[in-house]
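The lines below spell out each chain.
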Amino acid sequence: MPLPNAAASMRKGSTVLKVTLPGVKSTKAASKKKDEEEGVDTGDGWDEWSHGKALKPPDQLELTEAELKEEVTRILTANNPHAPKNIVRYSFKERSYKPTSVVDQMAVHFVLEGSLLHQDSDEARRLRAREGLPDETATVDTGAEPDEDKPETPATPLEDGGDVEEAGEDDRPDSVASKTDRKEPKVTNQFNFSERASQTLNNPLRERSCQTEPPPRCIFSATANQWEIYDAYVEELQKQEINKEKQKAVTSKKENDKGKKKTMLMETQNDDNTKVGKASNIFERMVTQNTFDDIAQDFKYFEDASDEFRDQKGTLLPLWKFQYDKAKRLSVTALCWNKKYQDLFAVGMGSYDFSKQGRGMLVYYSMKNSAFPEYIYPTDSGVLCLDIHEQHSYLVAVGFYDGCVAVYNLKEEGLEPVYKSTAKTGKHTDPVWQVRWQNDDMDNNHNFYSVSSDGRVVSWTLVKNELVFTDIIRLSLNGAISEGPEGVQHPGIACGTSFDFHKQIDYLFLVGTEEGKIHKCSKTYSSQFLESYNAHSMAVDAVKWNHFHPKVFISCSSDWTVKIWDHTIITPMFTFDLNAAVGDVAWSPYSSTVFAAVTTDGTVHVFDLNINKYEAICQQPVVAKKKTKLTHIEFNPIYPIIIVGDDRGYVSSLKLSPNLRKKPKAKKGQEQPKGPEVEVAKMEKLLSLLREPEQNAV
């Protein structure tokens, strides 16, 4: 029959069947012939069914010859048409419902679980032996066809992946000797699977116990009398009254404690911030020094060897450049080194353009960190001058464009000054051009002096929480004046622009004016000048005493000149024309004959009178843009470094080459003398050369 072949083709996953309808007769004839050969009884109705006469249904569709010859191709697949295609399951990973792409296509039509064993298998023999049944040999039927009933496979393959034993002649079931002589292998069960068991390791139990010390015991005995009971009640009443009073006090303390707690929290937070701030500050310095390591190496070790071939000329080596983004549009109006911490310096920011006045800034920089300032104090008015106290380096006096003077304390928190002058406390009415700290007074109060365009030189004393002022002198065009009988001032007031106090004589000081004159004054004489010098044709920008020689001072002006004076002689000893307005001048701290000046064309001029009395031994532009003007210059107290500020808010540090700080060579066999006396003698020798012609003429 062709049915088994059709079932086999249906089991395949995808089989193409080509059905040709007209060829049915030939197929049926062939199958009939095959059945006759095999001896299969087909039945009486086979002929009728094969010709299609008796079995033709009445409602069968009549097809034409062309439609009958048409081939219809059908593809059989293993997909279950009734399997669902839209199963949705919840995904815990994505936390949403996701459709499942794989669907089981197998359809089970019939399942029957049984425990049948082949009668000749080992399992069947063991089962008969266990139940006590007699062993049976293979049953032999006496039918006509014994070959068909004879089992073809003597051994049954074991389920669940068991090993298949090949049957030999000795293993046939009709061999009785094989049954008796053969040792049966031990099998655990009919499925021949090995059972394995494992157990997790239990952690050992630990017992922990603790025992408290028993409280101390004491035996107490007493007799209760009437008066003892009375005393106990009285004590209880007194305790209750005391507790009531304490509760009243606690309520008042709670309010105070709340305020204290807030301050404590702020203090603890500030302590944490200071710890983090200190660590980050050190880390920032490390990063900056690693970044600018080449500059640090130049600062420490580089000496320009080409100075030997320059014929006593020198150069300036650019080092760090300091800037603060929020102060870019402000000019550098003041520079001052810290005498205690020689790497720290203060910068005053403001504006010399009086039509564009606004905010200002006080900034502290350190050479250890050029990337960001150490301290920043923004101000409402532009800063024009500042000075750091020599002994108490945390105090800095500042003069503003609006006439105020203030004192900042770096130890105090906050951005406001600890002292500041007001209109009531005698502040200046014009910009303050110079401030200088002086020695403490008789009561050990700190004090400093200031000079302003309103013609007043004022002494300010720090007394408790306020600034106390004292007018030292008032400048006029004709001479020093004091106030009139009704406080009316003289109309011809001279505008002070700079001043400086003598290094050794405490009461002596110089004042430069806007008219170009320099007045030598005394703290004790407020009614007149000790001397007046017709110094310059324009305002005196700076006047400074020499660090070593007690008679020499220097001045500079916008009339392009720098002049060196002996205060006992009215005329200048040296005059230098620098071909541009001079912004500032400074004496060097290591030599009495070396000074430097900056001009508005962006050039630094360094002079050494001991080497050349007529021209500078170094003239070097140090600005990046041509229109940038240099405003101030300062020498470092111990290092061969100068800092210069410009009108764009930049401060540049420069290293002096060996020729600019060369000391005179000692004669053979003699030790080179050292000390301030040598510097005084060096300057005195120059002055004597200039004095001799005048004395001879007299």
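Just so we're clear, the structure is a prediction, and the values are computed from it rather than from any experiment.

What counts, and at which threshold
Residues numbered from 1 in each chain as written. Predicted model: local features only at pLDDT ≥ 70, side-chain atom pairs only at ≥ 80, totals over all residues. Heavy atoms only, no water. Core = buried A, V, L, I, M, F, W, Y, C linked by side-chain atoms within 4.5 Å. Buried < 20%, exposed > 50% of the residue type's maximum accessible area, 1.4 Å probe, protein only. Helix = DSSP H or I, 4+ residues; strand = E, 2+ residues; numbered from the N terminus. Contact = heavy atoms within 4.5 Å. Patch = residues over 30% accessible without salt bridge, like charges linked within 9 Å, V, L, I, M, F, W, Y side chains within 5 Å. Areas by Shrake-Rupley, 256 points an atom, 1.4 Å probe, with all protein chains shown as cover. Salt bridge = Lys/Arg side-chain N within 4 Å of Asp/Glu carboxyl O. Lys, Arg positive; Asp, Glu negative; His and termini not counted. Charge placed at Lys NZ, Arg CZ, Asp CG, Glu CD. pLDDT = per-residue confidence, 0-100. Pairing = 2+ DSSP bridges. Axes fitted to C-alpha atoms, helices over the stretch in contact; angles between N-to-C directions. Polar contact = N/O pair within 3.5 Å; in protein donor to acceptor, adjacent residues only side chain to side chain. Phe/Tyr/Trp six-rings, centres within 6.5 Å; stacked < 30°, edge-to-face > 60°. Lys NZ or Arg CZ within 6 Å of the ring centre and 35° of its normal.

> Lay out the nonpolar core in plain terms, naming residues and giving numbers.
The biggest cluster of nonpolar side chains holds 22 residues, and the ones touching the most others in it are Val562, Ile564, Phe576, Val585, Phe595 and Leu609. Residue assignment for this core shows that the elements contributing at least two residues are strand 23 (552–557), strand 24 (561–566), strand 25 (574–577), strand 26 (582–587), strand 27 (594–599) and helix 10 (676–697). Not counting residues up to four positions away in its chain, the partners in contact with leucine 609 are Ile564, Phe574, Phe576, Thr593, Phe595, Met683 and Leu686. Counting residues in each nonpolar core, the second largest holds 21 residues, with Leu319, Leu335, Met349 and Ile641 among its members.

> Any details on a negative patch on the surface? Residues and values, ideally.
Side chains of Glu228, Asp231, Glu235 and Glu236 sit close together on the surface and give a patch of like negative charge. With respect to the secondary-structure elements, aspartate 231 resides in helix 8 (residues 226–291). We classify aspartate 231 as partly exposed; its relative accessible area is 40%.

> Now, about the confidence of the model for the chain: what can you tell me, with residues and values included?
Looking at the chain, the pLDDT average stands at 77 and 75% of residues meet or exceed 70. Long-range and interchain partners of residues 1–30, a stretch whose pLDDT sits below 50, account for 25 contacts in this model, where long-range means more than four residues apart. Below a pLDDT of 50 lies the segment residues 694–698, which in the model reaches one contact outside its immediate sequence neighbourhood of four places, other chains included.

> I'd like a rundown of the side chain of threonine 513, residues and numbers included.
Locating threonine 513 in the fold gives a position in strand 19 (residues 508–513). Exposure remark for threonine 513: the relative accessible area of 0% places this residue in the buried category. What threonine 513 contacts, discounting residues up to four positions off in sequence, is Leu475, Ala494, Cys495, Gly496, Thr497, His519, Ala539 and Val540.

> Provide a residue-level description of unusual backbone geometry, including the pertinent values.
In this structure, lysine 464 is a non-glycine residue whose phi angle is positive, near 50°. Note that lysine 464 resides in the loop between strand 16 (456–463) and strand 17 (466–474). Overall, lysine 464 belongs to the exposed group, its relative accessible area being 73%. In this structure, tryptophan 560 is a non-glycine residue whose phi angle is positive, near 80°. Among the secondary structure elements, tryptophan 560 is positioned in the loop between strand 23 and strand 24. Judged by relative accessible area, tryptophan 560 falls into the partly exposed class, the value being 41%.

> Quick rundown of the sheet that holds strand 16? Include the residues and the values.
Adjacent strands of a sheet pair through backbone hydrogen bonds, lying either parallel or antiparallel. Pairing is antiparallel in the open sheet, where four strands are placed in the order 14-15-16-17. The open sheet is flanked by strand 14 (432–438) and strand 17, the only strands paired with a single partner. Each neighbouring strand pair of the sheet contributes to a mean axis angle of 25°, computed without reference to strand direction. In terms of strand pairing, strand 16 meets strand 17 through eight bridges, oriented antiparallel.

> Can you tell me about the environment of arginine 648, naming the residues and giving the values?
Mapping arginine 648 onto the fold places it in the loop between strand 31 (641–646) and strand 32 (651–656). Sequence separation of arginine 648 and methionine 349 is 299 residues, and the distance between their C-alpha atoms is 9.8 Å. If we skip the residues at most four places from it in the chain, arginine 648 touches Ala327, Lys328, Leu330, Lys625, Lys627 and Thr628. In this structure the side chain of arginine 648 is engaged in a polar contact, spanning 2.9 Å, whose partner is the side chain of threonine 628.

> Can you tell me about the sheet that holds strand 20 (residues 517–522), naming the residues and giving the values?
Strand order in the open sheet formed by four strands is 18-19-20-21, with antiparallel pairing between adjacent strands. Edge strands, defined here as strands with exactly one partner in the open sheet, are strand 18 (496–501) and strand 21 (531–534). Direction aside, neighbouring strands of the sheet carry axes that sit 20° apart on average.

> Lay out the pairing of strand 14 in plain terms, naming residues and giving numbers.
Here is the key point about a regular strand: its side chains alternate between the two faces of the sheet. Counting buried residues in strand 14 gives seven out of seven residues, a clear majority hidden from the surface. Alignment of strand 14 against strand 15 (residues 447–452), held across six bridges, turns out to be antiparallel. Paired with arginine 436 across the two strands is tyrosine 449, which belongs to strand 15.

> How would you explain the packing of aromatic side chains if you had to name every residue and give the values?
Summed over the entire model, instances satisfying the criterion amount to 27 aromatic pairs. Aromatic pair phenylalanine 299 and tyrosine 639: ring centres 5.4 Å apart, planes at 70°, arrangement edge-to-face. Separated by 340 residues along the polypeptide, phenylalanine 299 in helix 9 (residues 293–301) and tyrosine 639 in the loop between strand 30 (630–635) and strand 31 bring together distant segments of the chain. Within the aromatic cluster, the residues linked to one another by ring pairs are Phe574, Phe576, Trp587, Phe595 and Phe607. Its guanidinium or amino end placed over the ring of tyrosine 650, lysine 321 lies 4.9 Å from that ring's centre, counting from NZ or CZ.

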